[in-house]
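Remarks on the overall topology
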Protein chains: 2
Amino acid sequence: MATKFNCPIRYALDIIGGRWKIIILWNINKYKIIRYGEIKKRIPEISHKVLSQQLKELESDGIVYRNEYYEIPPKVEYSLTDKGHSLIPIVEIINEWGQKNMSC
Amino acid sequence: MATKFNCPIRYALDIIGGRWKIIILWNINKYKIIRYGEIKKRIPEISHKVLSQQLKELESDGIVYRNEYYEIPPKVEYSLTDKGHSLIPIVEIINEWGQKNMSC
DNA sequence: CGGAATCCAAGACGATACTG
DNA sequence: CAGTATCGTCTTGGATTCCG
C-alpha cells in the first residue's frame, strides 16, 4: 500500500484525509479508551455505516486498536496505537488554528 | 459561515478538509506564486473542474490570492494570503509525519 | 490559458433491517 | 450494542465544449 504513493504528504493524507478521520482521532484521544456508541454520540452527524467504515480503515492503517469483548450485547473499545498517537500533534495544531481563526 | 461551527477543529477542517486542499497549498507554498496551469501540471490526478472548484473555495475562505492578468490568452497567478501562510505549519507537519511513517 | 456550463457516470452516503 | 448488507438517493467528479 505504501508503494501507492511517491510522496510522503500523499501517503499521510490517504490515512488522515477521510472526511471524519481527524474528528474521530480527536475524540479517541480525548477519552483514551472509548466505546463505539460513545464516539457515535460525540459525532451525531456521522452515520452508523460511515463511522464503522472509517474506524475499520483507521484500524487497518494501524492508527487505532479495536478491543472487542465477546459478550452479548457486544462491547467494543477503541484506543490509539503508537502510530495513532504520533498523529495527535497534527490534530492539535489543526484545532489550534481553528481557535485562532474562527471568528466568534 | 463561521457560525456554522460550534467547534474550532470543525471550522478548520471545513477549510482544509477538501480532498486536494492540502496538496494545493503545498504546491502554492513551494512556488510562492504559481499559475493555474502549473498547479495542474504538479497534480495531474486532479481534473480541471475540481482544481478550479477547490481554488475558488480556498480563495473565498481567504486562504489564497487570485491575481488575474487581463490578457488574451488569460494568465492567473495564485499565492498565499497571510491566513494561508498560517496554514503552512499544518501542511509541513503532515508531510513530516508522512516521511517518518512511509515505509519505502 | 483559465474558467464556466453541461451532461453523464461513479461512488459516497443515509436509512433500514438483520445478526451474534 | 456493534457490525454487516442491501438499496435508493444524491452528491461528486470526469470529459467535453464554449467563451473572453
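Residues numbered from 1 in each chain as written. Chains lettered and ligands numbered in written order. Predicted model: local features only at pLDDT ≥ 70, side-chain atom pairs only at ≥ 80, totals over all residues. Heavy atoms only, no water.

- By the naming in an unreviewed UniProt entry, chain A goes by DNA-binding HxlR family transcriptional regulator and is assigned to Alkaliphilus hydrothermalis.

Some points on the overall build of chain A
- Helix and strand counts for chain A stand at 6 helices and 3 strands.
- In sequence order, the secondary structure elements of chain A are arranged as α-α-β-α-α-β-β-α-α.
- The principal-axis extent of the C-alpha atoms belonging to chain A is close to 45 × 45 × 25 Å.
- Looking at the 104 residues of chain A, the share that counts as buried comes to 46%.
- A total of about 5,900 Å² of accessible surface is found on chain A, and carbon and sulfur atoms cover 52% of it. (Helix = DSSP H or I, 4+ residues; strand = E, 2+ residues; numbered from the N terminus. Buried < 20%, exposed > 50% of the residue type's maximum accessible area, 1.4 Å probe, protein only. Areas by Shrake-Rupley, 256 points an atom, 1.4 Å probe, with all protein chains shown as cover.)

A word on the relation of the copies chain B and chain A
- Rotating chain B by 180° and moving it 0.0 Å along the rotation axis overlays it on chain A with an RMSD of 0.0 Å. Within this description, the copies of the chain are treated as partners about a two-fold rotation axis. (Least-squares fit on C-alpha atoms with pLDDT ≥ 70 in both.)

A short note on the sheet that holds strand S2 (residues 64-69) of chain B
Residues and elements named next belong to chain B.
- Across the sheet, which stays open at both edges, the 3 strands sit in the order S1-S3-S2 with antiparallel pairing between neighbours. Each edge of the open sheet is held by one strand with a lone partner, namely strand S1 (34-35) and S2.
- Judged from the 6 bridges that link them, S2 and strand S3 (residues 75-80) form a sheet pairing that is antiparallel. If you follow Tyr65 over to S3, its bridge partner there is Ser79. (Pairing = 2+ DSSP bridges.)

Quick look at the interface of chain B and chain A
- With 34 residues of chain B in contact, the opposing surface of chain A contributes 34 residues.
- When chain B packs against chain A, the two sides together hide about 3,000 Å² of surface, and 76% of this comes from carbon and sulfur.
- At the boundary of chain B and chain A, one finds 2 salt bridges.
- For Arg10 of chain B, the salt bridge identified is with Glu45 of chain A, shortest N-O distance 2.2 Å.
- At the junction of chain B with chain A, the criterion picks out 6 residue pairs in polar contact (both at pLDDT 80 or more).
- If you list the elements that add at least two residues to the side of chain B that touches chain A, you get helix H1 (8-16), helix H2 (21-31) and helix H6 (88-101) of chain B.
- With 10 residues, the top contributor of residues to the side of chain B that touches chain A is H6 of chain B. (Contact = heavy atoms within 4.5 Å. Buried area = accessible area lost by both parts, 1.4 Å probe. Salt bridge = Lys/Arg side-chain N within 4 Å of Asp/Glu carboxyl O. Polar contact = N/O pair within 3.5 Å; in protein donor to acceptor, adjacent residues only side chain to side chain.)

Describing the nonpolar core
- By size, the foremost hydrophobic cluster in this structure holds 67 residues, and its most contacted members are Ile24, Ile28 and Ile94 of chain A together with Ile28 and Ile94 of chain B.
- With residues up to four places along the chain from it excluded, the contact list for Ile94 of chain B reads Ile9, Ala12, Leu13, Ile16 and Ile90 of chain A together with Ile22 of chain B. (Core = buried A, V, L, I, M, F, W, Y, C linked by side-chain atoms within 4.5 Å.)

Overview of the protein's contact with DNA strand C
- Neighbouring DNA strand C are 17 residues, the closest being Ser47, Lys49 and Pro74 of chain A together with Pro74 and Tyr78 of chain B.
- Expressed as a percentage, the sugar and phosphate content of the atoms of DNA strand C within 4 Å of the protein is 60%.
- Residue Arg19 of chain A places a side-chain N or O atom 3.0 Å away from a phosphate oxygen belonging to DNA strand C.
- At the level of secondary structure, the elements contributing two or more residues to the surface near DNA strand C comprise helix H4 (48-60) of chain A together with helix H3 (36-42), helix H4 (48-60) and S3 of chain B.
- The element that contributes the greatest number of residues to the surface near DNA strand C is H4 of chain B, accounting for 3 residues.
- Its residues placed into classes, the surface near DNA strand C shows 7 nonpolar, 3 polar and 7 charged. (Near = heavy atom within 4 Å. Nonpolar A, V, L, I, M, F, W, Y, C, P; charged D, E, K, R; others polar.)

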